[in-house]
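Here are the chains, one letter per residue:
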Amino acid sequence: MSDTVRCKSMIIDFDGVLLDYSRQRANFDTLNKLHNLAKAAHLKEKINGMFNGERINSTENRSVLHIALRAPRDSVINSDGKNVVPDVWQVLDKIRDFSERVRSGAWVGATGKVLKDVIAIGIGGSFLGPLFVHTALQKDPEAIEFARGRQLRFLANVDPIDVARNIAGLNPETTLVVVVSKTFTTAETMLNARTLREWISAALGPQAVAKHMVAVSTNLTLVEKFGIDPNNAFAFWDWVGGRYSVCSAVGVLPLSLQYGFSVVEKFLKGASSIDQHFYSAPFEKNLPVLLGLLSIWNVSFLGYPARAILPYSQALEKFAPHIQQVSMESNGKGVSIDGVPLPYETGEIDFGEPGTNGQHSFYQLIHQGRVIPCDFIGVVKSQQPVYLKGEMVSNHDELMSNFFAQPDALAYGKTAEQLLKENVPQPLIPHKTFSGNRPSLSLLLPTLNAYNIGQLLAIYEHRIAVEGFLWGINSFDQWGVELGKSLATQVRKQLHASRKKGEPIEGFNFSTTTMLTRYLEESADVPKEDCTILPKI
Ligand SMILES: O=P(O)(O)OC[C@H]1O[C@H](O)[C@H](O)[C@@H](O)[C@@H]1O
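Residues numbered from 1 in each chain as written. Predicted model: local features only at pLDDT ≥ 70, side-chain atom pairs only at ≥ 80, totals over all residues. Heavy atoms only, no water.

Peer 1: Help me understand the packing of helix α5 (residues 128–137) against helix α19 (residues 450–471), please; the structure alone is not making it clear to me.
Peer 2: Packed helices, taken two at a time, are described by their axes: the angle between them and the distance between them. The interhelical angle for the contact between α5 and α19, taken along N-to-C directions, is 145 degrees, at an axis separation of 10 Å. In this structure, the crossing between α5 and α19 has a hand that is right-handed. Contacts between α5 and α19 pair Phe132, Val133, Ala136 and Leu137 from the former with Ala450, Ile453 and Leu457 from the latter. Here the contact of α5 with α19 is composed, by residue class, of seven nonpolar, no polar and no charged. (Axes fitted to C-alpha atoms, helices over the stretch in contact; angles between N-to-C directions. Helix = DSSP H or I, 4+ residues; strand = E, 2+ residues; numbered from the N terminus. Left-handed = near helix turned anticlockwise from the far one by under 90°. Contact = heavy atoms within 4.5 Å. Nonpolar A, V, L, I, M, F, W, Y, C, P; charged D, E, K, R; others polar.)

Peer 1: I'm lost on the site of the ligand in this one. Help?
Peer 2: The environment of the ligand is made up of 13 residues, and the closest members are Ser126, Ser181, Thr183, Thr186 and Glu329. Between Ser126 and the ligand, the recorded distance is 2.6 Å, taken from a side-chain N or O atom to an oxygen atom. The contact in question runs from an oxygen atom of the ligand to an N or O atom on the side chain of Lys485, over 3.2 Å. Calculation on the ligand without its partners gives an accessible area of 390 Å², and the protein chains cover 88% of this total. Of the residues belonging to the shell around the ligand, the class tally is two nonpolar, eight polar and three charged. (Near = heavy atom within 4 Å. Polar contact = N/O pair within 3.5 Å; in protein donor to acceptor, adjacent residues only side chain to side chain. Areas by Shrake-Rupley, 256 points an atom, 1.4 Å probe, with all protein chains shown as cover.)

Peer 1: Sorry if this is basic, but what is going on with the packing of aromatic side chains here?
Peer 2: What describes a pair of aromatic rings is the distance from one ring centre to the other and the angle between the planes of the rings. Tallying each qualifying case throughout the model produces 17 aromatic pairs. Plain terms: the ring middles of Phe51 and Tyr279 are 4.6 Å apart, the flat faces sit at 25 degrees to each other, and that makes the pair stacked. Of the two residues, Phe51 is situated in helix α3 (residues 43–51) and Tyr279 in helix α12 (residues 261–280); the sequence distance between them amounts to 228 residues. Relative accessible area serves as the criterion here: at 32%, Tyr279 is assigned to the partly exposed category. Considering the side-chain rings of Phe403 and Phe404, the 5.0 Å spacing of their centres and the 75 degrees angle between planes classify their relative orientation as edge-to-face. (Phe/Tyr/Trp six-rings, centres within 6.5 Å; stacked < 30°, edge-to-face > 60°. Buried < 20%, exposed > 50% of the residue type's maximum accessible area, 1.4 Å probe, protein only.)

Peer 1: Help me out: how do you make sense of the side chain of Thr195 in this one?
Peer 2: With respect to the secondary-structure elements, Thr195 resides in helix α8 (residues 187–204). If we ignore the near neighbours within four places in the chain, the residues touching Thr195 are Val163 and Leu534.

Peer 1: Explain the pairing of strand β12 (residues 374–379) to me, please; I cannot follow it from the model alone.
Peer 2: Side-chain positions along a regular strand alternate between the two faces of the sheet. Counting buried residues in β12 gives six out of six residues, a clear majority hidden from the surface. Burial along β12 is two-sided: Cys374, Phe376 and Gly378 facing one way and Asp375, Ile377 and Val379 facing the other are all buried. Here strand β10 (residues 306–311) runs beside β12; their pairing, made up of four bridges, is parallel. Paired with Leu310 across the bridge in β12 is Phe376. (Pairing = 2+ DSSP bridges.)

Peer 1: I would appreciate a short explanation of the environment of Gly105 in the present structure.
Peer 2: Within the element layout of this structure, Gly105 appears in the loop between α4 (85–104) and β5 (117–121). Here the alpha-carbon distance between Gly105 and Leu115, two residues 10 residues apart in the chain, equals 7.3 Å.

Peer 1: What is the right way to look at the sheet that holds strand β2 (residues 17–20) in this model?
Peer 2: What holds strands together in a sheet is hydrogen bonding between their backbones, with the strands either parallel or antiparallel. Strand order in this open sheet of six strands is β1-β2-β13-β12-β10-β11, and the pairing throughout is mixed. Each end of this open sheet is capped by a strand with a single partner; those strands are β1 (11–14) and β11 (349–351). On average, each strand axis in the sheet is inclined to that of its neighbour by 15 degrees, with strand direction left out of account. Where β2 meets strand β13 (residues 440–445), three bridges bridge the pair, whose relative direction is antiparallel. Considered in β13, the bridge of Asp20 is made with Ser442. The sheet contacts of helix α16 (residues 395–412) involve β12 and β13, and relative to β12 the element is tilted by about 155 degrees.

Peer 1: Looking at this model, I keep getting lost on helix α13 (residues 287–301). Mind explaining?
Peer 2: Three or four residues apart is the spacing at which side chains of an α-helix point the same way, because the helix has 3.6 residues per turn. For α13, built from 15 residues, the straight-helix expectation of 21 Å at 1.5 Å per residue is met to within 8% by its first-to-last C-alpha distance of 20 Å. Summarising burial for α13: 13 of the 15 residues are buried, a large majority. Downstream of α13 by one or two residues, Gly303 has phi in the positive range, about 75 degrees. (Expected span 1.5 Å × (residues − 1).)

Peer 1: Help me out: how do you make sense of the packing of α3 against α12 in this one?
Peer 2: It is at 10 Å that the axes of α3 and α12 come closest, and there the two elements cross at 140 degrees. As summarised for this structure, α3 and α12 are arranged oblique, according to the angle between their axes. Along the contact surface, α3 presents Lys44, Ile47, Asn48, Met50 and Phe51, while α12 presents Asp275, Phe278 and Tyr279. For the contact of α3 with α12, the per-class residue count stands at five nonpolar, one polar and two charged. (Parallel < 35°, antiparallel > 145°, perpendicular 65-115°, else oblique.)

Peer 1: Whenever I open this one, unusual backbone geometry confuses me. Can you help?
Peer 2: Trans is the common state for peptide bonds, and a negative phi is the common state for residues other than glycine. Cis rather than trans, the peptide bond between Gly355 and Thr356 has omega equal to 10 degrees. Summarising the element assignment, Thr356 is placed in the loop between β11 and α15 (363–368). Even without being a glycine, His42 presents a positive backbone phi close to 55 degrees. One can find His42 in the loop between α2 (28–40) and α3. Overall, His42 belongs to the partly exposed group, its relative accessible area being 46%. In this model, Asn423 sits at a positive phi of 60 degrees, which is unusual for a non-glycine residue. On the secondary structure map, Asn423 appears in the loop between α17 (416–421) and α18 (429–432).

Peer 1: Mind showing me how you'd approach the pattern of salt bridges here?
Peer 2: Two side chains carrying opposite charge are able to pair once their charged atoms lie near each other. All told, the structure shown has 26 salt bridges when counted by the stated rule. With a closest N to O distance of 3.9 Å, Asp238 and Arg62 form a salt bridge. Residue Asp238 is found in the loop between β9 (233–235) and α11 (249–259), and its partner Arg62 is found in the loop between α3 and β3 (78–79); the two are separated by 176 residues along the sequence. The partly exposed category is assigned to Asp238, whose relative accessible area is 41%. (Salt bridge = Lys/Arg side-chain N within 4 Å of Asp/Glu carboxyl O.)

Peer 1: Whenever I open this one, the sheet that holds strand β7 (residues 175–180) confuses me. Can you help?
Peer 2: Strand order across the open sheet formed by five strands is β6-β5-β7-β8-β9, with parallel pairing between neighbours. Among the strands making up the open sheet, the edge pair consists of β6 (151–155) and β9. On average, adjacent strands in this sheet sit at an angle of 20 degrees to one another, irrespective of strand direction. Contacting β5 and β6, helix α7 (residues 160–167) runs over the sheet at an angle of about 175 degrees to β6.

And the structure:
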């Protein structure tokens, strides 16, 4: 069979997105086997279970319905026999209304000024997805028009430097703070929220908080306890996992404040288009399913544990960090969904940077060192085309020349014979040889507007779910993040006791005691009394 026939069968076109997986180390036989594996793992039934609102997140007894967040208004998606779509749209309508009031100046701050700047406080799933979409939209011509005169910033890290970075140059009078936390208990987010509450009340008085702080959460009781008016809280539901929440108020509120609801609605529509495709397309033509199967092939059968996410678009610079959470928090598990230790490893080590930057950094290892399957993501039409008179190609064509060249460099490599023909000196030949046969796949998007960004997000979300379904794990819990949090509670108590009451360090091992001792000794000059000090910026 000719290679063209093989390649043709490995190119899929759906709703403007072109996937070419012909450079994977897979042939028809491999694909057949992977489809058989999908059958054996009941992949179709598991996908249906997700769409039907079954409680597939069994360790938390929750359904997994982020697809409902972007479902058309008239669709029906049930959780426990109740259609959740009207609830979703009630919140979306509330966001549309609120964001329009803020943007038009109908809702103003405590001193009557328009709130043109937004700081979204949140971490993990309450941060990475919205940051990715914001970064992707920031240079989109349509989104730019809607964002004129406005700023959106993200405060995630509990490091006070991140507070300083966020408030630098902003005036509390014109700033709206959105506290985003599914649980409203996350230590970092709550401390940052208390810090910015202080920043606002120190400048404008405590009564200003009601005008300058709103919240997104599933825990509306805690939102109210914090002092935010429940009318200014935007709900979501426990059937939305944190890392799958960018299409809920978590992303939609800050993004609508910045770009207007109409732009964000297009993003939801793009994601919804992929949802329909994922649910109904035959597996042979199903983008997320094929991508998931190939990931399993690479990780579990070929033994390549990492994946490089390489968007040839600077606008997608926060895509890899977002996918790191979606993928690694979902699939980095040690037991099956039934709690049985797994005889194989799950999850992928995801990393990435936009091309061409990555080419000048870690591509050396990918070309001649370890085998890392690569996702090349390209865009046909640049958000910001640049043409220079006298140049051979446009700046975007220059970028894309690399997008097209790199997969072939990985696939074909360069042999000693070729190098000899080029008169490369013998001692250099081993150094200049490229083994080739290194797998990659290419995704080509027509443009990078809100709709395409939604498509890209949903393709990866579902791909990762497919992998989890095939590995037989629960991709929707994250117990592995808990232990470190509880140990930090013990350290926090110790730091308080030692600093305020001079109590000795107790209950830690030798190494931690040594480190803590040094830390306390060298920072003995911090204020002893209870006081408030905000960054001097
Ligand atoms: O939205 P929150 O409840 O504040 O949670 C924020 C993040 O914290 C946790 O540690 C989880 O690992 C993440 O999945 C979650 O997105």
